[in-house]
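A closer look at the structure
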Amino acid sequence: MLRNDQLAEWDRENFFHPSTHLAQFARGEQQSRIITGAQGCHIEDRNGKKHLDAFAGLYCVNVGYGRTEIAEAIAKQAHELAYYHAYVGHGTEASITLSKMILDRSPAHMSKVYFGLGGSDANETNVKLVWYYNNILGRPEKKKIISRWRGYHGSGLVTGSLTGLELFHKKFDLPLAQVLHTDAPYYFRRDDLDQSEEQFVAQCVASLEELIAREGADTIAAFIGEPVLGTGGIVPPPAGYWTEIQKVLDKHDILLIADEVVTGFGRLGSMMGSDYYGMKPDIMTIAKGLTSAYAPLSGSIVSERMWKVLEDGTDENGVIGHGWTYSAHPIGAAAGVANLKLLDELNLIENNRETGAYLNKAMRDALGDHPHVGDIRGEGMLCAVEFVRDRDGRILFDASEKIGAQVAGALADSGVIGRAMPQGDILGFAPPFCLTREEADEVVAKTADAVGKILG
Ligand code: PLP
């Protein structure tokens, strides 16, 4: 077996890690952490240290680690048929079955699923489909996509543009010109502290209306949003937000892309975030929870209204010129089928609802009065703690102090993994749905200790 120091050296010399401070890693200031195994809500590293993974990887291992049912389904598929493509009407039992299972779990007006590999490529597909749709309808000017500041939709060219976080634009020449950003529905960060939630929603709507008026509704094709802002800070929308946004979109004939990469398949305690907030999407993006990350797979679910236009369009334009080699990969599809079955059989969404509510309440009980905790928020199995210098005036810490990262570091030292969200001093939690109350208690107790260590 390779020695740890040998692996660490190879790692530094050969491996270009995503979302990593490259210079610090190269200098050895950031240690590599090599993960060797996992079970339930716990991962284990090569030093034999166990951690309670309260972020489920990257909020994706929803059913928990070590599920033999999924591993066996993957192995069986690999033995029988590791690969065949999905072009020109080809499929496998797994990919066809999974399409049906996905549509059975989606709002009734959704019609077909196009498979990809991850959330980014699914959102790239979505933008292309929206453009294709408007060209078929003879509206070549209607192409711009509105996203929100703090939205996260991926790291590709279009999707990195849709992502409303500075880090994903800086020095990459993004965002592209076809992408516009509007306000994040982030009530805690409102400018006017006296504003009610209702007034804040009205302000978000007014600012969207202004943007549409400025650009011209006939130039705007779609609006993309996560039901709950994820990477941008785990921010559930204020009451009534989606109902009001939906009205604006309907009025201007702007399509809605619901990015359900995090919220899809149970994260909010409902099957889809769109159901939870009464959204009426024309496209839904799914990924992470589709396979619980046992294999890479994503999907773009299109509505019947869009599908009809796309279908009719091919009679005039020929084969749709959009395909990935690995679209509907049989191994991913087999993992998806086994994963969605498990979600049902083990009542994991119900557990998520109950234990998620318990986790959020326990976090509020433990830290709600802390002078440097400005906000504790969540929905389903999502929870975030936002740190502030001054609670009454809602004055934030200077970003250079890296308070969120320091608390996440102290927490990791105690054996619990939360995530320092990339923009703001926000500690995020998104555990697997199988989290127990005892594990939730451990997350809360160790978070309170870590906060105490860094902030007193
Ligand atoms: N959309 C959302 C809401 C996400 O959270 C993510 C990833 O975190 C993506 C899209 C991009 O997915 P991927 O990293 O699989 O490309």
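Residues numbered from 1 in each chain as written. Predicted model: local features only at pLDDT ≥ 70, side-chain atom pairs only at ≥ 80, totals over all residues.

Section: the overall build of the protein
Filter applied, for reference: A run of DSSP states H or I qualifies as a helix once it reaches four residues; a run of E qualifies as a strand once it reaches two. Both are numbered from the N-terminal end. Throughout, the radius of gyration refers to the C-alpha atoms, and the reference size of a globule is 2.2 Å times the residue count to the power 0.38. With C-beta atoms placed from the backbone, a residue counts as buried when 20 or more other C-beta atoms lie within 10 Å of its own, as exposed when 12 or fewer do, and as partly exposed for counts between those limits. Two residues qualify as being in contact provided that their C-beta atoms, derived from the backbone, are within 7 Å of each other.
Secondary structure summary: the protein contains 16 helices and 15 strands in total. For 456 residues, the compact-globule formula gives about 23 Å, and the C-alpha radius of gyration of the protein, at 22 Å, lands near that figure. Across its three principal axes, the protein shows a C-alpha extent of roughly 65 × 60 × 45 Å. Within the protein, the fraction of its 456 residues that count as buried is 45%. In the protein, 72% of the contacts between residues at least 6 apart in sequence involve partners at least 24 apart.

Observations concerning the nonpolar core
If you look at soluble globular proteins, the nonpolar side chains tend to sit buried side by side. Keep this limit in mind: Here, a nonpolar core means buried Ala, Val, Leu, Ile, Met, Phe, Trp, Tyr and Cys residues linked by C-beta atoms lying within 7 Å of one another. Boundaries of every domain are those given by an automatic assignment or by a domain database.
Grouped together as the largest cluster of nonpolar side chains are 115 residues, with contacts concentrated most on Ala222 and Ala335. It is helix 13 (residues 330-345) that provides the largest number of residues to this core, a total of eight residues. Here this core spans two domains, since at least three of its residues come from each of domain 1 (33-63 + 347-455) and domain 2 (69-345). Setting aside residues no more than four positions away along its own chain, Ala222 makes contact with Val130, Ile145, Ile254, Leu255 and Ile257.

Brief notes about the site of the ligand
The line we're drawing: Using the backbone to place each C-beta atom, any residue with that atom within 6 Å of a molecule or strand is considered near it. Gly counts as polar in this scheme, as do all residues outside two lists: the nonpolar Ala, Val, Leu, Ile, Met, Phe, Trp, Tyr, Cys and Pro, and the charged Asp, Glu, Lys and Arg.
As a matter of local geometry, the ligand sits amid 15 residues, with Gly118, Gly119, Ser120, Gly154 and Val261 nearest to it. Sort the elements by how many residues they give to the shell around the ligand and helix 6 (residues 119-136) lands first, with three residues. Split by residue class, the shell around the ligand holds five nonpolar, eight polar and two charged.

Topic: the sheet that holds strand 3 (residues 50-53)
Hydrogen bonding along the main chain pairs the strands of a sheet, whether they run parallel or antiparallel. Quick reminder of the rule: At least two DSSP bridges between two strands are required for those strands to pair.
If you trace the four strands from one edge of the open sheet to the other, you get 1-2-3-13, paired in mixed fashion. This sheet does not close on itself; its edge strands, each paired only once, are strand 1 (35-39) and strand 13 (416-417). As paired strands, strand 3 and strand 13 are joined by two bridges and run parallel to one another. For Leu52, the partnering residue across the bridge sits in strand 13 and is Val416.

Thoughts on the packing of helix 8 (residues 197-215) against helix 9 (residues 241-251)
Short version of the rule: Every axis corresponds to a line fitted to the C-alpha atoms, with the helix fit spanning only the stretch in contact, and the corresponding angles, defined between N-to-C directions, vary from 0 to 180 degrees. Roughly parallel means an angle under 35 degrees; roughly antiparallel means over 145; roughly perpendicular covers 65 to 115; every other angle is labelled oblique. We call a crossing left-handed when the near helix sits turned anticlockwise from the far one by less than a right angle, and right-handed when that turn is clockwise.
Put simply, helix 8 and helix 9 touch, their axes get as near as 10 Å, and they point 20 degrees apart. If you check the angle between helix 8 and helix 9, you find them roughly parallel. When the axes of helix 8 and helix 9 are compared, the crossing they make is right-handed. Residues Val201, Cys204, Val205, Leu208 and Glu209 of helix 8 touch helix 9, and the partners they reach there are Tyr241, Glu244, Ile245 and Val248. Looking at the contact of helix 8 with helix 9 residue by residue, the class counts come to seven nonpolar, no polar and two charged.

Details of the sheet that holds strand 11 (residues 373-379)
What the four strands build is an open sheet, ordered 11-12-15-14; its pairing is antiparallel. The sheet is open, and its two edges are formed by strand 11 and strand 14 (419-420), each paired on a single side. Here strand 14 pairs with strand 15 (residues 426-429) via two bridges, running antiparallel. Note on strand 15: the bridge partner recorded for Ala420 is Leu427.

Structural notes on the packing of helix 14 (residues 348-367) against helix 16 (residues 437-455)
Packed helices, taken two at a time, are described by the angle between their axes plus the distance between the axes. Where helix 14 contacts helix 16, the two axes come as close as 9 Å, and the packing angle between them is 25 degrees. With respect to helix 16, the element helix 14 is oriented roughly parallel. Both helix 14 and helix 16 take part in a crossing whose hand is right-handed. Across from Thr355, Tyr358, Leu359, Ala362, Met363, Ala366 and Leu367 in helix 14, the residues of helix 16 making contact are Arg437, Ala440, Asp441, Val443, Val444, Thr447, Ala448 and Val451. Taken together, the residues of the contact of helix 14 with helix 16 sort by class into 11 nonpolar, two polar and two charged.

Focus: the domain arrangement of the protein
Size of an interface: often given as the accessible area lost when the parts come together. Annotation of the protein at the domain level lists domain 1 (33-63 + 347-455) and domain 2 (69-345). Relative to domain 2, the C-alpha centre of domain 1 lies at a distance of 26 Å. With 29 residues of domain 1 at the contact, the number on the domain 2 side is 27 residues. Those elements giving two or more residues to the side of domain 1 that touches domain 2 turn out to be helix 3 (56-59), helix 14, strand 11, strand 12 (382-387) and strand 15. When the residues that make up the side of domain 1 that touches domain 2 are grouped by side-chain class, the tally is 13 nonpolar, 10 polar and six charged.

Considering the pairing of strand 4 (residues 110-116)
With five of its seven residues buried, strand 4 lies for the most part within the structure. Inspection of the sheet shows strand 4 paired to strand 10 (residues 298-303) by six bridges, in the antiparallel sense. From the neighbouring strand, Met110 faces strand 10, where its bridge partner is Ser303.

Quick notes on helix 9
This is how the line gets drawn: Picture the helix axis, draw a direction to every C-beta atom, and the arc is the one those directions span.
The complete set of buried residues in helix 9 reads Tyr241, Trp242, Ile245 and Leu249. One side of helix 9 holds all its buried residues, which, seen down the axis, span an arc of 80 degrees. Away from its buried face by more than 90 degrees, helix 9 exposes Thr243, Lys247, Asp250 and Lys251. Those residues of helix 9 hidden inside the fold are in contact with helix 8, strand 7 (220-225), strand 8 (255-259) and helix 10 (273-277).

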